[in-house]
Amino acid sequence: MTGLDIQNLSFAYGDKVALKNVSFSIPRGTFTALLGPNGAGKSTLYALLTRLFVTQEGSISVSGHSLDHNPRKALGEIGVVFQQLTLDMDLTVNQNLRYFAALQGISGKAAHARIAQVLAQVNMSERANETVRKLNGGHRRRAEIARSLIHNPSVLLLDEPTVGLDPQTRASITDHVHDLAETHGITVLWATHLADEVRDTDHLIILNKGEIVDDGICGDIRKEHDLASYFIAQTSGAK
Amino acid sequence: MIYFIALNAIIKREAFRFVQQRERFVAALVRPLIWLLVFAAGFRAALGLSIAPPYETYITYEVYIVPGLCGMIMLFNGMQSSLSLVYDREMGSMRLLLTSPLPRWWLLTCKLLASTSISILQVYCFLAIAACFGTVFPVWGYISILPALIVVGLMLGALGLALSSLIRKLENFAGVMNFVIFPMFFLSSALYPLWKMAESSLVLYWICAVNPFTYGVEFIRFSLYLQPNAGAAAISISASAVFMIGAIWGYDPARGMMKSKS
């Protein structure tokens, strides 16, 4: 079964077309990088995937559940890390996670156990009682990832999660999410405009001006070229 | 069950944020207290109020404006909650709230109930301070206004929610102040009885008479004296329903509340 299946998705803001006939499938447990320059349509795609907008044309299916016909089941399968920080800065990591657990209907001992588990997964157990304001950028991102995993989603959507982080932290978070896909079988869609976050073995989708220009295994797509140069060549002329 | 877990978490979070923002708490109390202790003191000599229901005897101006000031607290709080929603939305946590698998109408209802609880807390703090300064009401009145406070809190909170779905940027809140809060407050029976307004201008009287805030204030006023006012209650409840439908419409993903950002 596919983790995420998108078929013939189009979306426009009035006259301005943001996505044009986008179709792709991601097998379960695969790390897929969605590479695109700013303005390529990545954020619109994420807004559609998380049902902040509803689809105008086309369909989205999450672990077999249609987002249009069964939105609650489909959303329940999704964990999401937005570009903006969603944690309350004045609450501790634990308090933040409890709040988000409750939004997923998890409380009491079940929430406690799940929070301990996800914090361990992102190596943040010892930070549970620190306020988010005291954490550095990397730890805040890890806490966001822990938060997105609380309800045990089968699909994890991350929208440029490494923005504003130093190279070491970026590498560490990228490695960690790759590991989540490999060892926990989570389907990951990782949006970025940074080619160095993509491995040769990753499933790669290049989005430009609302259209898919490449869809395949990264190594096969870039061939002998360096991915960053290939990406620039494929998307040159973009804003 | 899941519904109530989320409701509990959202109310707790709102309460925690409110307690943290002490200046907001103080400002919420100082504003009506200035009206009560300064403005009302100045006007009591100038304004003579004849006896009209629910009052059975001559009352001072301070006593008259307290229900209006309770409404004012709820009006400001409802709008401030909408401000926090715009802020939340910019910061991403509103997006997260809306991606919860719970139905959107329930999530918005939770937000509304949370902001109403905070409003009610503020009103009771204000009434306690007013009592310390000698403006007291029948003891049972303090309990019997609770249903009215819930309805008015929901009405103004729902209005704030509906507006927040339309506000694009934080700065636009100044516009809400000028075009929603002030007209709603001044064109109502909060500071002067409507018959007084009719003496000055019939047009203004009619504007006051169609302002749902007027009915909210009157619902509170009559409840404070344990007197029924079915008309005010019915209009307040109907306005709450209309504003809530507006909020649910505003946050409908088919309309795409985030579309306005682009």
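Everything discussed here concerns the structure shown above.
About the cut-offs
- Residues numbered from 1 in each chain as written.
- Chains lettered and ligands numbered in written order.
- Predicted model: local features only at pLDDT ≥ 70, side-chain atom pairs only at ≥ 80, totals over all residues.
- Heavy atoms only, no water.
- Helix = DSSP H or I, 4+ residues; strand = E, 2+ residues; numbered from the N terminus.
- Buried < 20%, exposed > 50% of the residue type's maximum accessible area, 1.4 Å probe, protein only.
- Contact = heavy atoms within 4.5 Å.
- Areas by Shrake-Rupley, 256 points an atom, 1.4 Å probe, with all protein chains shown as cover.
- Lys, Arg positive; Asp, Glu negative; His and termini not counted.
- Charge placed at Lys NZ, Arg CZ, Asp CG, Glu CD.
- Pairing = 2+ DSSP bridges.
- Axes fitted to C-alpha atoms, helices over the stretch in contact; angles between N-to-C directions.
- 1 Å grid on protein atoms, 1.4 Å probe; cavity = no way out; pocket = protein on both sides within 12 Å on 5 of 7 lines; lining within 4 Å.
- Points joined across faces, edges and corners; volume = space filled by probe spheres on them.
- Buried area = accessible area lost by both parts, 1.4 Å probe.
- Salt bridge = Lys/Arg side-chain N within 4 Å of Asp/Glu carboxyl O.
- Polar contact = N/O pair within 3.5 Å; in protein donor to acceptor, adjacent residues only side chain to side chain.
- Nonpolar A, V, L, I, M, F, W, Y, C, P; charged D, E, K, R; others polar.
- Parallel < 35°, antiparallel > 145°, perpendicular 65-115°, else oblique.
- Left-handed = near helix turned anticlockwise from the far one by under 90°.
- Disulfide = S-S within 2.5 Å.

Colleague: What should I look at first to understand the overall build of chain A in this one?
Modeller: Scanning chain A for helices and strands turns up 8 helices and 10 strands. Over its C-alpha atoms, taken along the principal directions, chain A stretches across nearly 50 × 40 × 35 Å. The burial tally for chain A puts 57% of its 239 residues in the buried class. Long-range contacts, defined as pairs at least 24 residues apart, comprise 68% of the intrachain contacts of chain A with a sequence gap of at least 6. Carbon and sulfur atoms make up 48% of the accessible area of chain A, which amounts to about 9,800 Å² in all. The centroid of the 23 positive side-chain charges in chain A is displaced by 7 Å from the centroid of its 26 negative side-chain charges.

Colleague: Explanation requested: the sheet that holds strand β4 (residues 57-62) of chain A in the structure shown.
Modeller: Think of a sheet as strands paired side by side through backbone hydrogen bonds, with each pair either parallel or antiparallel. Residues and elements named next belong to chain A. Read across the sheet, 4 strands follow the order β2-β1-β4-β5 without closing on themselves; strand pairing throughout is antiparallel. Single-partner strands in this sheet number two, and they are β2 (16-27) and β5 (65-66). Relative to β2, strand β1 (residues 2-13) runs antiparallel, the two being bridged by 8 bridges. Looking at β2, one finds that Phe11 is bridged to Leu19. Sheet contacts for helix α1 (residues 42-49): β1, β2 and β4; angle to β1, the most-contacted strand, approximately 115°.

Colleague: Sorry, what's going on with α1(A) here?
Modeller: Residue and element names in this part refer to chain A. Burial analysis of α1 places 7 of its 8 residues in the buried class, the great majority of the element. Within the sequence span of α1, burial applies to Lys42, Thr44, Leu45, Tyr46, Ala47, Leu48 and Leu49. Positive phi shows up at Arg51, right after α1, with a value of about 65°.

Colleague: Looking at this structure, I do not really get unusual backbone geometry. What am I missing?
Modeller: Outside of glycine, negative phi angles account for most residues, and trans bonds account for most peptide bonds. Not every positive phi belongs to a glycine, and Asn21(A) is a case in point at roughly 50°. When you line up the elements, Asn21(A) lands in strand β2. Even without a glycine there, the phi angle at Leu226(B) is positive, about 55°.

Colleague: Help me out: how do you make sense of the sheet that holds strand β9 (residues 203-208) of chain A in this one?
Modeller: Residues and elements named next belong to chain A. Read across the sheet, 6 strands follow the order β6-β7-β8-β3-β9-β10 without closing on themselves; strand pairing throughout is mixed. Looking at which strands have only one partner, the edges of the open sheet turn out to be β6 (78-81) and β10 (211-217). Recorded for the sheet is a direction-independent mean angle of 15° between the axes of neighbouring strands. Where strand β3 (residues 31-35) lies against β9, 4 bridges are found, and the strand directions are parallel. Paired with Leu34 across the strands is Ile205, a residue of β9. Set on the sheet, helix α6 (residues 167-184) makes contact with β3, β7 (155-159) and β8 (187-192); between it and β8 the angle comes to about 155°. Its contacts with the sheet place helix α8 (residues 227-235) against β3, β9 and β10, and it is angled at close to 35° to β9.

Colleague: Teacher, can you tell me more about empty space enclosed by the protein here?
Modeller: The probe, sized like a water molecule, is rolled over the atoms to show the empty space still left. Residue and element names in this part refer to chain A. Under the counting rule described, the total for this entry stands at 3 cavities of 30 Å³ or more. In this model, the largest cavity occupies a volume close to 140 Å³. Elements with a minimum of two residues in the lining of the largest cavity: β6, α3 (93-103) and α5 (137-149).

Colleague: Help me understand the interface of chain B and chain A in this model?
Modeller: Size of an interface, as often reported, equals the accessible area lost when the parts are brought together. Taken together, the 33 residues of chain B in the interface contact 29 residues of chain A. Across the interface of chain B and chain A, roughly 2,800 Å² is buried in total on both sides, 64% from carbon and sulfur atoms. Put simply, chain B and chain A have 1 salt bridge between them. One salt bridge connects Arg13(B) with Asp88(A), and the closest N-O pair in it is separated by 3.7 Å. Taken together, the connections running from chain B to chain A amount to 4 residue pairs in polar contact (both at pLDDT 80 or more). If you list the elements that add at least two residues to the side of chain B that touches chain A, you get α1 (2-20), α3 (61-91), α4 (93-98) and α5 (104-132) of chain B. A class-by-class count of the residues in the side of chain B that touches chain A yields 19 nonpolar, 7 polar and 7 charged.

Colleague: Which parts of the structure should I look at to understand the packing of α5(B) against helix α7 (residues 146-164) of chain B?
Modeller: Packed helices, taken two at a time, are described by the angle their axes make and the gap between the axes. All names here are of chain B. With their axes 8 Å apart at the nearest point, α5 and α7 run at an angle of 130° to one another. In terms of their interaxial angle, α5 and α7 are classed as oblique. Once α5 is placed against α7, the crossing between them reads as right-handed. Where α5 abuts α7, its residues Leu108, Leu112, Leu113, Ser115, Thr116, Ile120, Val123 and Tyr124 lie against Leu146, Leu149, Ile150, Gly153, Leu154, Gly157, Ala158 and Leu161.

Colleague: Which parts of the structure should I look at to understand the state of the cysteines?
Modeller: Should the sulfur atoms of two cysteines be covalently bonded, the bond is a disulfide. Under the definition given, this model contains 0 disulfides over all chains. In this structure Cys70(B) is not part of a disulfide, and its nearest cysteine sulfur, from Cys125(B), lies 12 Å away.

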